[in-house]
Amino acid sequence: MTVSRTRLAIFDCDGTLVDSQANICMAMEHAFEGAGHPPPLRHDIRRVVGLSLVESMRVLLPHADAKTHEDLAEHYRAAFLTLRNNGLVDEPLYDGIAGLLTELDEDGWNLGVATGKSDRGLIRCLDHHAIKGLFVTLQTADRHPSKPHPSMVYQALADAGADASDAVVIGDTVYDIHMGRAAGTRTVGVNWGYHSVAELRQAGADYIAESMDDLKAYLKDLA
């Protein structure tokens, strides 16, 4: 008797599905300026993409108190909303992502997202690209501790009814790799995001995808 497996691919969003670094950097700069702080360097901003907002502020302004970090997070939300209302938010899908998601769905994979975005931000992004319906589970920083805590992965596994051994976390940062490893899944680092391939390898990624075709071939081998 053959027991069917529930395969689950959990994608990060920013830096993995969509290229949103310009929006994030602008909103972060506006947030710090609005709160009366010198804005961080863009290199440093890109380093915290994937963390929850408050955790990002802790990293970028480590000597400030908790209230300052929370205030900066609110300033960021307001700055991002202003950019969106002014038509300045652009979060393009990386080339080949839409086709990859469709193929995985057709091949019987369950798909999920685990992201530092808010619920509202993630839904807007996925709806804009008409891909929300491909995902069976959407996990955000609104309802979980910041990456690399494995809470988002645990909930995604529960939603899909999948075992960790049949799941893979795909992301561009060490936070994604550490999160997946903590939850017991396979992990794939992609080379088109915000952390280097060397960092992803050092974090313990099971595989590094150098291209979209490379990622597709790896996932097909797991079938």
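Provided above is the structure to which this section pertains.
Residues numbered from 1 in each chain as written. Predicted model: local features only at pLDDT ≥ 70, side-chain atom pairs only at ≥ 80, totals over all residues. Heavy atoms only, no water.

**A few points about the overall build of the protein**
Just so we agree on the cut-off: Secondary structure is summarised from DSSP: a helix means a run of H or I of at least four residues, a strand means a run of E of at least two, and numbering begins at the N terminus for each. Each radius of gyration is computed over the set of C-alpha atoms, and the globule rule expresses the reference value as 2.2 Å times the number of residues to the power 0.38. Throughout, exposure labels follow a simple rule: accessible area from a 1.4 Å probe, protein chains only, divided by the maximum for the residue type, with under 20% read as buried, over 50% as exposed, and the rest as partly exposed. Contact criterion: two residues are considered in contact whenever any of their non-hydrogen atoms come within 4.5 Å of each other. All accessible areas in this document rest on Shrake-Rupley with a 1.4 Å probe, and a residue is counted as covered only by the protein chains that are shown. When charges are counted, Lys and Arg contribute as positive and Asp and Glu as negative, whereas His and the chain ends are disregarded. Charge placement uses NZ in Lys and CZ in Arg. For Asp and Glu, CG and CD serve respectively.
If you tally the helices and strands in the protein, you get ten helices and six strands. For the protein, whose C-alpha radius of gyration is 17 Å, the value lies close to the compact-globule estimate of 17 Å for 223 residues. Counting over 223 residues, the protein shows a buried share of 51%. When contacts within the protein are restricted to residue pairs at least 6 apart in sequence, long-range pairs at least 24 apart make up 62% of them. Put simply, the protein shows about 10,100 Å² of open surface, and 49% of that area lies on carbon and sulfur atoms. Separation of charge centres in the protein, based on 20 positive and 32 negative side chains, amounts to 2 Å.

**As for the pattern of salt bridges**
The test is simple: In what follows, salt bridge is the name for a side-chain nitrogen of Lys or Arg lying within 4 Å of a carboxyl oxygen of Asp or Glu.
Counted according to the given criterion, the structure contains 14 salt bridges. Glutamate 55 is the salt-bridge partner of arginine 58, the closest N and O atoms lying 2.8 Å from each other. One end of the pair, arginine 58, and the other, glutamate 55, are both in helix α3 (residues 53-60), three residues apart, so they sit about a helical turn from each other. The salt bridge partner of glutamate 103 is lysine 216, with a shortest N-O separation of 3.1 Å. A residue pair is termed long-range when its members are at least 10 positions apart, and glutamate 103 in helix α5 (residues 97-106) and lysine 216 in helix α10 (residues 212-221) qualify at 113 residues.

**Considering unusual backbone geometry**
Look at the link from lysine 147 to proline 148: it is a cis peptide, with omega at 10 degrees. Topologically, proline 148 is positioned in the loop between β3 (137-139) and α7 (151-160). If you check the backbone angles, alanine 130 has positive phi at about 55 degrees while not being a glycine. Residue alanine 130 is classed as exposed on the basis of its relative accessible area of 67%.

**Brief notes about the packing of α3 against helix α4 (residues 66-85)**
Applicable threshold: Angles run from 0 to 180 degrees between N-to-C directions of axes, and those axes are lines fitted to C-alpha atoms, restricted for helices to the stretch in contact. Crossings are sorted by hand: turned counterclockwise from the far helix by less than a right angle, the near helix makes the crossing left-handed, and turned clockwise it makes it right-handed. Residue classes follow a fixed rule: Ala, Val, Leu, Ile, Met, Phe, Trp, Tyr, Cys and Pro count as nonpolar, while Asp, Glu, Lys and Arg count as charged, and any other residue, Gly among them, counts as polar.
Contact geometry of α3 with α4 gives a least axis separation of 8 Å together with a crossing angle of 115 degrees. Here α3 runs over α4; the crossing is right-handed. Where α3 approaches α4, its residues Leu53, Val54, Met57 and Arg58 are matched on the opposing element by His69, Glu70, Leu72, Ala73, Tyr76 and Arg77. Split by residue class, the contact of α3 with α4 holds six nonpolar, one polar and three charged.

**Some words on α10**
Rule in force here: The arc in question is the one traced by the directions running from the helix axis out to the C-beta atoms.
For α10, the set of buried residues is Met212, Leu215, Tyr218 and Leu219. For α10, the angular spread of the buried residues around the axis is 125 degrees, confining them to a single face. The exposed set on the far side of α10, more than 90 degrees from its buried face, consists of Asp213 and Asp221. As for α10, its buried residues are in contact with β1 (8-11), α5, β4 (167-171), β5 (186-190) and β6 (207-209).

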